[in-house]
Amino acid sequence: MRWSLVLRGVSAKCDADLYGTTASFVPQLGKPVLDLLPPPPKRVLDLGCGDGVLSAELLDRGYEVVGIDADERMVEKTRERNVEAFVKRGEAFDFEAKKFDCVFTNAAFHWMTDQPAVVRCVKQALGPNGVFVGECGGHGNIAALREAVRHVLPEEPDLCPWTFPTPIALREMLEIQGFRVLSLDYFDRPVECPDPADWLRTFGNCYFRDRDPEPVVRAFSDVAPDFLPTSPTTGTLMVDYVRLRWHAVL
Ligand code: BEZ
C-alpha cells in the first residue's frame, strides 16, 4: 500500500483536520479487526475512535456505536459522522450502568500511557461475556524509524508517548482482568512510505517540542534511506510497523 502525508500535528496527537486525508491508511488497515466482532445487533464502544471512520463503518454494519477519544477535535469529527461520541481518556472512562457488549480499538491503545488502567476500564464497561477486540503497535514497532530520529536528535531522550506492548505483557493485562484470550497475533506489517518526512510531520510532533520542525524533518529525510527497509517489489521506503491484534472475552 502506498500513502503520502502532508501536514503538521500537535504534541502527542494527530491533527484532526488533516488526519482524515493523510492518514487514511490507518482505518483502512484496521478493518480486519472489525471482522473479529460478533455479528450485530451489539452495542460497541470504539475506544480511541479518532476521526470516526471505523465507528461509522460499525454503524453501517448495523451495530449501535459509541466512540470515545481524548482529543476534542477528533470527537467532533466522529459526531459529524452521526456517531455518538464523547471526550474521554482511555485510562479513565466509565459508562456506569450502560454496559457494552463489545469494545473495539484500532491504532489507539499505544497512545494510552497507563495500559493496565485502560484494560480495567474496558472490563468495567463490558457486560457479561463481553468481547474486547483490538490492534495496536506491538513491541519493536517503528524501531528503525525511531533509530533514524535518534540519529538526527542524538541529544534528545525519546520524548514520544507511545507504549508498544509485548504479546506477553498484553496477555497478562487482559488475563489479570479476567479476559480469556482467544487469539493474540504479533506480526510485522511494513507500510510503503514514499516520503518518510510526511510520517514525521504527521505523527512525530512530540520530537519537535519548541523547535522549528522543518530542519529536523529535512535531516530525518536525508538519513531515512540508511535506516528504513525498502519494499522488495517496488524499492520504496517502508515504515517498519509491527502489530499486535487480539480477540478476548470475559
Ligand atoms: C502506529 O500506528 O503504529 C503508530 C502511529 C503513530 C505513531 C506511532 C505509532
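Residues numbered from 1 in each chain as written. Predicted model: local features only at pLDDT ≥ 70, side-chain atom pairs only at ≥ 80, totals over all residues. Heavy atoms only, no water.

Remarks on the overall build of the protein
Thinking step 1. Helix and strand counts for the protein come out as nine helices and nine strands.
Thinking step 2. For the protein, the residues scored as buried account for 54% of the 250 residues in total.
Thinking step 3. Sequence-distant contacts in the protein: of pairs separated by 6 or more residues, those separated by 24 or more amount to 74%.
Thinking step 4. Accessible area of the protein: about 11200 Å², with a carbon and sulfur share of 51%. (Helix = DSSP H or I, 4+ residues; strand = E, 2+ residues; numbered from the N terminus. Buried < 20%, exposed > 50% of the residue type's maximum accessible area, 1.4 Å probe, protein only. Contact = heavy atoms within 4.5 Å. Areas by Shrake-Rupley, 256 points an atom, 1.4 Å probe, with all protein chains shown as cover.)

Re the site of the ligand
Thinking step 1. Lining the immediate surroundings of the ligand are His110, Trp111, Asn141, Ile142, Trp162, Phe164, Trp199, Phe203, Tyr241 and Arg243.
Thinking step 2. Burial of the ligand by the surrounding chains reaches 97%, relative to a free accessible area of 270 Å².
Thinking step 3. Tallied by class, residues from the shell around the ligand come to seven nonpolar, two polar and one charged. (Near = heavy atom within 4 Å. Nonpolar A, V, L, I, M, F, W, Y, C, P; charged D, E, K, R; others polar.)

A closer look at the side chain of Arg243
Thinking step 1. The residue Arg243 is located in strand β9 (residues 242–249) in this model.
Thinking step 2. At a separation of 3.5 Å, a polar atom in the side chain of Arg243 contacts the side chain of Asn141.
Thinking step 3. Once residues within four sequence positions are removed from consideration, Arg243 is found in contact with Ala107, His110, Glu135, Cys136, Gly137, Gly138, Asn141, Asp185, Tyr186, Phe187 and Arg189. (Polar contact = N/O pair within 3.5 Å; in protein donor to acceptor, adjacent residues only side chain to side chain.)

Looking at the environment of Leu54
Thinking step 1. Counting through the fold element by element, Leu54 comes out in helix α3 (residues 53–60).
Thinking step 2. The sequence separation of Leu54 and Asn106 amounts to 52 residues, and the corresponding C-alpha distance is 8.6 Å.
Thinking step 3. The contact partners of Leu54, leaving out residues within four places of it in the chain, are Pro27, Gly30, Lys31, Leu34, Asp46, Phe104 and Asn106.

Description of unusual backbone geometry
Thinking step 1. Of note, the amide linkage connecting Pro40 to Pro41 takes the cis form, showing an omega dihedral of 5°.
Thinking step 2. By the secondary structure assignment, Pro41 is in the loop between α2 (25–34) and β1 (43–47).
Thinking step 3. In this structure, Asn82 is a non-glycine residue whose phi angle is positive, near 65°.
Thinking step 4. One can find Asn82 in the loop between α4 (72–80) and β3 (84–87).
Thinking step 5. The phi angle at Asn129 is positive, at roughly 60°, despite the residue not being glycine.

Remarks on the pattern of salt bridges
Thinking step 1. Per the stated rule, a full pass over the model turns up 14 salt bridges.
Thinking step 2. For Arg243, the salt bridge is made with Glu135, and the minimal N-O distance between the two is 3.6 Å. Within this pair, whereas Arg243 is found in strand β9, its partner Glu135 is found in strand β5 (residues 126–137), the two being separated by 108 residues in sequence.
Thinking step 3. A relative accessible area of 5% places Arg243 in the buried class.
Thinking step 4. Accessibility expressed as a relative area gives 1% for Glu135, which makes it buried.
Thinking step 5. By sharing partners, the salt bridges in this structure join Lys31, Asp35, Glu57 and Arg61 into a single network. (Salt bridge = Lys/Arg side-chain N within 4 Å of Asp/Glu carboxyl O.)

Overview of the sheet that holds strand β6 (residues 180–188)
Thinking step 1. Read across the open sheet, the seven strands follow the order β3-β2-β1-β4-β5-β9-β6; overall the sheet is mixed. The open sheet has two edge strands, β3 and β6, and neither has a second partner. Neighbour-to-neighbour, the strand axes of the sheet open up by a mean angle of 15°, direction not taken into account.
Thinking step 2. Examined bridge by bridge, β5 and β9 share seven bridges and lie antiparallel to one another. Along β9, the bridge assignment pairs Gly137 with Arg243.
Thinking step 3. This element, α4, spans β2 (64–69) and β3 of the sheet and lies at about 175° to β3.
Thinking step 4. Here helix α7 (residues 167–176) sits on the sheet and contacts β5, β6 and β9; the angle it forms with β6, its principal contact strand, is near 160°. (Pairing = 2+ DSSP bridges. Axes fitted to C-alpha atoms, helices over the stretch in contact; angles between N-to-C directions.)

Notes on the confidence of the model for the protein
Thinking step 1. Scored by pLDDT, the protein comes out at a mean of 89, with 90% of its residues at no less than 70.
Thinking step 2. Within the model, pLDDT remains below 50 along residues 1–11, and this stretch shows 41 contacts once partners closer than five positions in the same chain are excluded. (pLDDT = per-residue confidence, 0-100.)

Looking at helix α8 (residues 196–203)
Thinking step 1. Burial within α8 is extensive, with seven of its eight residues counted as buried.
Thinking step 2. Of all the residues in α8, the buried ones are Pro196, Ala197, Asp198, Trp199, Leu200, Thr202 and Phe203.

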